[in-house]
Amino acid sequence: IFVTDFEANEITKQLNKIVLYIAGSISSPDGGIAFVDRDTLSSVIESRPKLSPIALQEEAKVLAIHDLTFMTEPYNGAFDNNQLIANIADWLSAPNKEEMER
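Just so it is clear, the model here is predicted, and its values are computed rather than measured.

J.: What's the story with the sheet that holds strand β4 (residues 32-35) in this structure? I'm lost.
T.: One open sheet accounts for four strands, arranged β2-β4-β5-β6; its pairing is antiparallel. This sheet does not close on itself; its edge strands, each paired only once, are β2 (5-6) and β6 (62-65). In this sheet, β6 lies alongside strand β5 (residues 54-57) in antiparallel orientation, the contact comprising four bridges. Within β6, the position partnered with isoleucine 54 by the bridge is isoleucine 65. Of the strands in this sheet, β5 and β6 are in contact with helix α1 (residues 81-93), which crosses β6 at around 155°.

Dropping the structure here:
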C-alpha cells in the first residue's frame, strides 16, 4: 500500500510517500501518524474512516509499525522508505525529555 498522509513529527519529517508491502492497520486513539487514502481497503476492517499502519506514543517513546518489509532489501529503496528508516534511527537515538532534564 502507499502511504501519503502524514502527521508532522520527527518520524514523518521529509516523507512524501512510503510503500508497505504486507501492512495492516493499527488501532490507537489519536496515535496514528501515517494514513492511507480513502480508496485503500482493508480485508479485515470495514468501518474505520482512516487506516493507519504507523502509530506513535511520543511520551512513552513507543512506535508501532504494522509492516517490516520497508526495512529490508530491496523494499527499503522504494519511494521514501530509506528516509523513514533514517528518521526512526534518529528518533530512537535521541535522548528523551526526561534524560534531557536531568
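There is more to say, and it comes next.
J.: Would you mind showing me how to read the side chain of asparagine 87 here?
T.: Mapped onto the secondary structure, asparagine 87 falls in helix α1. By relative accessible area, asparagine 87 is classed as buried at 1%. A polar atom in the side chain of asparagine 87 sits 2.9 Å from the backbone oxygen of isoleucine 11. At a separation of 2.7 Å, a polar atom in the side chain of asparagine 87 contacts the side chain of glutamine 83. In contact with asparagine 87, not counting residues within four places along its chain, are Glu10, Ile11, Thr12, Lys13 and Leu15.

How each quantity is defined
- Residues numbered from 1 in each chain as written.
- Predicted model: local features only at pLDDT ≥ 70, side-chain atom pairs only at ≥ 80, totals over all residues.
- Heavy atoms only, no water.
- Pairing = 2+ DSSP bridges.
- Helix = DSSP H or I, 4+ residues; strand = E, 2+ residues; numbered from the N terminus.
- Contact = heavy atoms within 4.5 Å.
- Axes fitted to C-alpha atoms, helices over the stretch in contact; angles between N-to-C directions.
- Buried < 20%, exposed > 50% of the residue type's maximum accessible area, 1.4 Å probe, protein only.
- Polar contact = N/O pair within 3.5 Å; in protein donor to acceptor, adjacent residues only side chain to side chain.

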